[in-house]
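So you can see what is in the structure, the chains are spelled out below.
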Amino acid sequence: MATIITKEQQEKEKMVTLVSSDSEKFVVEQKVAEKSHVIKMVMNCCGIESPIPVRRVKGDILKSILEYCEKHSKGEAQEVMEKWDKEYMDKAEKDLVFFHDLMLASHFLHIQELVDLIAVTFAGMLKMKSPEEIRQKFNINNDLTKEQEEHIMTTFGWAFQPI
Amino acid sequence: MAESRCGSEALLAMPEDVLAMISSLLRARDLCALAQTCRALHRAITLSEKCWLAQCLILPTSPPPHLLPVWRVSFPSYLLLFRFVLSLSPLLGLWAHQNPELGNAVLALWGHLPSLLAFRIIPQELPSLGLESGPLLFAPVFEILPNPQDCLSPPLFFLHGAGDSVHPGSVSMVHPDSNVLLLEVDAQSQSPSPPGFVRLSFGDRRRVLDFVAKRVRIAVPPNLASAPMLRHRDEDDSLLQMRMSWLLDTHKAHNGRIDRCVAESNLSGVGRKASDDSEVAGNWRRRQPGFLHGWVFWVDELLGKSRSLNGTKTSSMNINGESKHISLQDFLRSGDTIGLSLRGAQMKLSTYRAWPNMHGNKFALYKLPMQKPETGREYAGLWGGTFGWPPGRASEDKPGKALFFLLLSYEESDGQLLLIATKILEGTHYVLHPNGSAMFIVKVGEPAVDPFPWVKDGDSHQVEVKHAYKGEGIANGYGFRYPGSKPGSLFVTHNGLIAFVWRDTKVVLTLERLNLEELLKKGERVPALPPIANFAYLTKSYSNVFAGFPSNPTYSS
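Scoring rules and cut-offs
- Residues numbered from 1 in each chain as written.
- Chains lettered and ligands numbered in written order.
- Predicted model: local features only at pLDDT ≥ 70, side-chain atom pairs only at ≥ 80, totals over all residues.
- UniProt positions renumbered as here; feature names shortened; annotations may be inferred.
- Pairing = 2+ DSSP bridges.
- Helix = DSSP H or I, 4+ residues; strand = E, 2+ residues; numbered from the N terminus.
- Axes fitted to C-alpha atoms, helices over the stretch in contact; angles between N-to-C directions.
- Buried ≥ 20, exposed ≤ 12 C-beta atoms within 10 Å, placed from the backbone.
- Contact = placed C-beta atoms within 7 Å.

Under the annotation held in an unreviewed UniProt entry, chain B carries the name LOW QUALITY PROTEIN: F-box protein At5g39450-like and is attributed to Dioscorea cayennensis subsp. rotundata.

The name given to chain A in an unreviewed UniProt entry is SKP1-like protein, with Dioscorea cayennensis subsp. rotundata as the source organism. Per UniProt, the comment on chain A under Sequence similarities (unreviewed entry) is "Belongs to the SKP1 family." The Function (unreviewed entry) comment attached to chain A in UniProt states, word for word, "Involved in ubiquitination and subsequent proteasomal degradation of target proteins. Together with CUL1, RBX1 and a F-box protein, it forms a SCF E3 ubiquitin ligase complex. The functional specificity of this complex depends on the type of F-box protein. In the SCF complex, it serves as an adapter that links the F-box protein to CUL1."

Here it is in C-alpha cells:
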C-alpha cells in the first residue's frame, strides 16, 4: 500500500512524489520508486525534489503498482513473498481490464519482477485451454468462418501432437 | 492508460516482448489454441517472430540457440522453423539394427545448416592414441532438409549410397513417439490412398526399393564428395553452404519421383511372386558368410511367413485365410508417381535387456532409448572403450584394440535396480557376442568386495576407486546366440572411468563416457554401402561389412 506520510518523516527518509495521469499524487520512499527502472532513471537525471509525472498510468493502477514495489523493497523471506504475490495476482486477475492495464503499466515502467509475475499468471490463464474456453475467458468474439477455422486447424494440426 | 479493453483487443495491445515471455511459458498447442480464437489473434500469433523464437528456445530437442538465426535464413518465419524442428525431433538420437552382429548404430542429429543428418558408426579399432585422438570412422546414411519451395510440404530426404551418391525422396510421416524408422516407397496420387508399401511381400518391397533407389541415383560432384557434413572448423562454412545449395538444386531438378508407367514397364514382372527372389537371394548368400541365417528369411518368405530376428514367427495369412499381401502391380497403380520415402512409425516392440526385438523383414532402424543420467542413475548413457588396462590406449605389444560402444541403462527387476550395459558396437574382426548383448549387468544395491586389480593407470597415477558394484559379465554359453555369464565387479574410478572386471580371469573392459557428436565432427568419413543396405542391413553377418580396412583386434588385455 502506498503510504501518505508526514513532513517530519519525509525529512527523515528520502521521499519522492509521483503523479498519475489523472493527477493523483503518491509520496513514496525513493527505494520503493526505484523498483521501476524508468522512474529510477528519471530520479537520477532530474532529482527527487519535484513531483515526477507518470503520464501513461492511471491512479488506481499506479497505486497497485506502488503497493507491489513497497512490499518488494522490504526484503522479506521468499515464502512470505511468494504467498503475498499469489494473493496480489489472484486479486488482480479478477478484473481482466485492470489486469491488462497493470501489465502494460509494469512493462512501461520497466518493473521486470512484476512483468515476469504477470506473464506467469497470464500463461496460467491460457494453459491447456481450448479456443472456445479462451474466447469465454477473455470475452473474444469469434469472427472466423467455418472454412477459416478448418484451414487453421489443418495448418496448426501438428502443434497438437504431444512433444 | 487505455480505456476499458478486453477480448482480442486487449491481447493484441500486449507488447511483443511480453507476448514472447508468455509464449516461453506455454506449449505450442496453447499458442495455436489462442491463434484459433479469432482472425486478429491468428494473424498476430502467426506473424510474431519473438513468440516462435521463444518456442524454439524452450523446445528441449531444438538445435543449439546460436544456430537458430542461421537456420532462420532458410525459413520464411520462426513459426515454420519451429514446425520443422518439432516434426523431425522424434528422429533424433541413436538407432540400431540387429545386423550385422558387430553393430549397426546410427546417430541422427541436427546439422549446422538446417538439416537432420544420420551417420553410421563403423565397427573399428581404438585409435592408437585413444578415442579423443580420433578419428572415429563413420558413413553417412541419410539427411533431411526443409523444402525450400514450400516449408509446409514434406521435408526433403536424401538417402546416401555407394560411390558418393545420393538418392532423393521425401519424409512421408513422423510419429511423435517414433521407435521404428522405415525406408519405403510411396505411391502418390491426387486422391488420398492407404499406404500400400507395408502390404507388399518382402521380395516386392525389396525389388521396388532397389528399382527406385537405382533410378533416382545422383552422383555427388567430386569437389563436394569429400566436403564436411558437420561443422568442425570455421573454414568448413563455405563447403557446408556449397553442399547444401547443391542438394537443394539437385532436389529441385530431380525430386526423385518416378512416373507410374515407367515403374510398371521397368518392373515388368510385377506379377511375379516372392519365389522369383531366389536369384537375388542367391547373390546375397554367396556374399555373406552367415548366409544360412539369411536364407531362413527367404524360405519363410516363400512359405508366406515372416520372422522376427529373435525367432518369433508370425503367419502372413489373416484369420480368414486370405493373403495379407497386395501385388506390386496393385501397389504401383495406387498412385501416379512413386518415390523413396522415410517414415518414423510407432510400433509395439518387446525388448529384452534394453534391446528391442527386431523384425527380420522390414527395411527399418530401431530406436535405442537413451536414458539421461540422474541422481541414483548416474551412469546412464553412451560409453566407449576397450578390453584392457590401462584404459583408452593401444599398447606397443598389442596394437589395434577393438573399440566397443555400450549403452548403459537402468532397469528394475524383482525389486532390484540393475545397470545393464548393452553392446551396440564391437570393433573385433569377427564378432564375439550378438549385437545387443548385455556385456555386463550389475546390481546397483550390492557393493562389490573384490579389490580393483590395478594400482596405477596409464600415466602412473594412483587409481582411486569411488564405487564398486557386484554383477555378472558376459561369457561363452550355449553357442553364439545364447551367451552365458560369469561373476565380476564394476568399478568407478576417481576420473570418471568405469571398468568391469571378470572375477576369475581378471579380464577388464574399461569405458569412458562418449560425446558422439563431437567425435563425429572430428571423425573420418568412409564410403557408404549401396543405398538400401546402407539404410538397413538385413542379412546375417558376423564380420565388418561396412569397412574393408585391415584389422587384427585383440580380445583381452
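Colleague: Tell me what's going on with the sheet that holds strand β22 (residues 498-502) of chain B, and back it up with residues and numbers.
Modeller: Residue and element names in this part refer to chain B. Pairing within the closed barrel is antiparallel, and its eight strands lie in the order β16-β17-β18-β19-β20-β21-β22-β23. Ignoring strand direction, the axes of neighbouring strands in this sheet form an average angle of 35 degrees. When strand β16 (residues 381-387) meets strand β17 (residues 404-413), the two strands line up antiparallel, connected through five bridges. Each residue of the ladder has a partner; that of Gly385, found in β17, is Phe404.

Colleague: Can you tell me about the UniProt feature "domain: F-box" (unreviewed entry) in chain B, naming the residues and giving the values?
Modeller: Cross-referencing UniProt, the feature "domain: F-box" (unreviewed entry) maps to residues 8-55 of chain B in the present numbering. Helix makes up 77% of residues 8-55 of chain B and strand makes up 0%, while its end C-alpha atoms are separated by 21 Å.

Colleague: How would you summarise the environment of Thr17(A) if you had to cite specific residues and measurements?
Modeller: Residues and elements named next belong to chain A. Topologically, Thr17 is positioned in strand β1 (residues 15-20). Since 16 C-beta atoms lie within 10 Å of it, Thr17 is described here as partly exposed. A C-alpha to C-alpha distance of 6.4 Å links Thr17 and Val28, two positions eleven residues apart in sequence. With residues near it in sequence (within four places) discarded, Thr17 still touches Lys25, Val27, Pro51 and Ile52.

Colleague: Run through the sheet that holds strand β2 (residues 25-29) of chain A, naming residues and quoting values.
Modeller: Residue and element names in this part refer to chain A. Sheet architecture is open: three strands sit in the order β2-β1-β3, paired in mixed fashion. A strand with exactly one partner marks an edge of an open sheet, and here the two such strands are β2 and β3 (52-54). Taken pair by pair, the neighbouring strands of this sheet meet at an average axis angle of 35 degrees, ignoring direction. Where β1 and β3 come together, three bridges link them in parallel fashion. Bridge pairing in β3 links Ser20 to Val54. In this fold helix α4 (residues 59-71) packs onto β1, β2 and β3, with an angle of close to 10 degrees to the strand it touches most, β2.

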